[in-house]
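Results of the structural survey
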Amino acid sequence: MLSLQQQKALQWLDEGINFLITGGAGCGKSYIVKEIAQSIHIYKTIHITASTGKAAHLLNGVTIHAFAGIETAQTFDLLHLITCEIKQCYDELFRGIQVIACGDFFQLPPVKGEFVFESKIWQQYMTQVLVLTECFRQKEDAQFFGALNDIRFGQVSDQTINYFMTRCFEKDENINIKYTRLFFRNLEVDIYNNKKMDNIKYEGRWFYAKDVIKNPNIQYSFQIPAAVNLKISAVVMLVRNINVEEGLCNGSVVTLTLLENNAVWVSMNGKEVKIEFVKEDILDCSHAVVGSRLRLPL
């Protein structure tokens with residue numbers, strides 16, 4: 001079920017409004033973009049694009065550069081000029097193509113150039129903004145979500161600092177098993193995870209992905225790992241949205257309770273949930289599937 005804010009996005013889509021969807025991490029930006037792409041508005045041709053390949057893949061889209069056939073530049077203004085030249089129409093954004101932008105300007109700045117909202121074209125036409133404030137990823141911990149937002153806005157109070165200091169431990173064994181550890185390098189991640197798995201007494205089971213690759217000369221980057229060793233009582237993280245309403249979304253931490261051949265059962269907030277294999281597709285600029293992977297999204 002969509003929140004009232006997310007429903008507003010579908011309303012603006014229906015009304016043909018150009019607008020920006022923004023908000024902090026875990027507020028459902030990617031989710032509503034996918035809902036827009038799969039909505040009942042079949043009278044519109046919808047193209048999902050992103051500024052990077054990884055972001056495009058997460059949304060089942062393509063990069064804006066591959067879609068438009070352009071190199072990296074002042075992308076927003078350039079696309080506007082190209083579309084206007086094609087139709088010889090200069091008084092509408094993208095010569096009348098509805099534009100729905102999505103992102104969080106509080107995150108990483110542009111690699112080169114200015115923020116898109118500093119563009120005169122953006123300021124003239126992208127006047128509507130939908131700010132998502134309801135948290136789905138940390139909805140069970142409002143205090144944590146509020147503290148993360150303080151950091152996001154750069155307005156960290158003494159209260160927030162003190163709150164995070166309660167999560168500062170010198171010894172690993174004092175850390176809640178559900179807390180996610182962060183490391184600088186993947187090698188350190190693997191060493192830590194392998195150590196934790198070795199300490200679990202249950203026998204592990206490897207789950208391997210089934211890949212279908214159309215062009216073996218291209219290096220594909222899947223969100224779902226190729227293989228994972230799982231054990232009962234292990235703490236794992238979801239890497240795909242399974243059921244956002246139930247809190248089973250990308251980044252959610254759950255505990256394994258049962259292993260089956262092609263599925264696992266996990267415990268989350270006192271509930272037992274079955275997670276099955278999911279299919280992840282990689283699309284080219286024509287939205288044709290060029291690679292796919294079938295495996296547990298853990």
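Reference entry: report on the structure contained in this document.

What counts and how
- Residues numbered from 1 in each chain as written.
- Predicted model: local features only at pLDDT ≥ 70, side-chain atom pairs only at ≥ 80, totals over all residues.
- Heavy atoms only, no water.
- Phe/Tyr/Trp six-rings, centres within 6.5 Å; stacked < 30°, edge-to-face > 60°.
- Buried < 20%, exposed > 50% of the residue type's maximum accessible area, 1.4 Å probe, protein only.
- Pairing = 2+ DSSP bridges.
- Helix = DSSP H or I, 4+ residues; strand = E, 2+ residues; numbered from the N terminus.
- Axes fitted to C-alpha atoms, helices over the stretch in contact; angles between N-to-C directions.
- Left-handed = near helix turned anticlockwise from the far one by under 90°.
- Contact = heavy atoms within 4.5 Å.
- Nonpolar A, V, L, I, M, F, W, Y, C, P; charged D, E, K, R; others polar.

Some words on the packing of aromatic side chains
Taken as a whole and judged by the stated rule, the model has twelve aromatic pairs. For the ring pair Phe-183 and Tyr-192, a centre distance of 5.3 Å and an interplane angle of 45 degrees mean the geometry is tilted. Exposure remark for Phe-183: the relative accessible area of 29% places this residue in the partly exposed category. Here the aromatic residues Phe-76, Phe-94, Phe-105, Phe-115, Phe-117 and Trp-122 are joined through ring pairs into a cluster of three or more.

Focus on the sheet that holds strand E9 (residues 235–237)
Hydrogen bonds between backbone groups are what pair the strands of a sheet, and the pairing can be parallel or antiparallel. The strand order across the open sheet formed by four strands is E9-E10-E11-E12, and the pairing between neighbours is antiparallel. Edge positions in the sheet fall to E9 and strand E12 (271–276), since each has one partner strand and no second. For this sheet, the mean angle separating the axes of adjacent strands, direction not counted, is 45 degrees. Two elements, strand E11 (residues 263–268) and E12, share six bridges in a ladder whose sense is antiparallel. The partner of Ala-263 across the bridge, within E12, is Glu-276.

A word on the sheet that holds strand E7 (residues 210–213)
Read across the open sheet, the three strands follow the order E7-E14-E13; overall the sheet is antiparallel. Each edge of the sheet is formed by a strand with only one pairing partner; in this case those strands are E7 and strand E13 (278–283). Neighbour to neighbour, the strand axes of the sheet diverge by 10 degrees on average, direction disregarded.

A look at the packing of helix H1 (residues 4–15) against helix H2 (residues 29–37)
Packing of H1 against H2 brings their axes to within 10 Å, and their N-to-C directions diverge by 35 degrees. Read as a crossing pair, H1 and H2 show a hand that is right-handed. For the pair H1 and H2, the contacting residues are Gln-6, Ala-9, Leu-10 and Leu-13 in the first and Tyr-31, Ile-32, Glu-35 and Ile-36 in the second. Partitioned by chemical class, the residues of the contact of H1 with H2 number six nonpolar, one polar and one charged.

Details of the pairing of strand E10 (residues 253–259)
Two strands pair when backbone bridges link them, and E9 and E10 are joined in this way by three bridges, in the antiparallel orientation. In the strand pairing of E10, Val-236 is matched with Val-254. Sheet topology places E10 next to E11; four bridges connect them, and they run antiparallel. Counted as the bridge partner of Leu-259 is Val-264 from E11. In this structure, the hairpin formed by E10 and E11 is closed by a connection of three residues.

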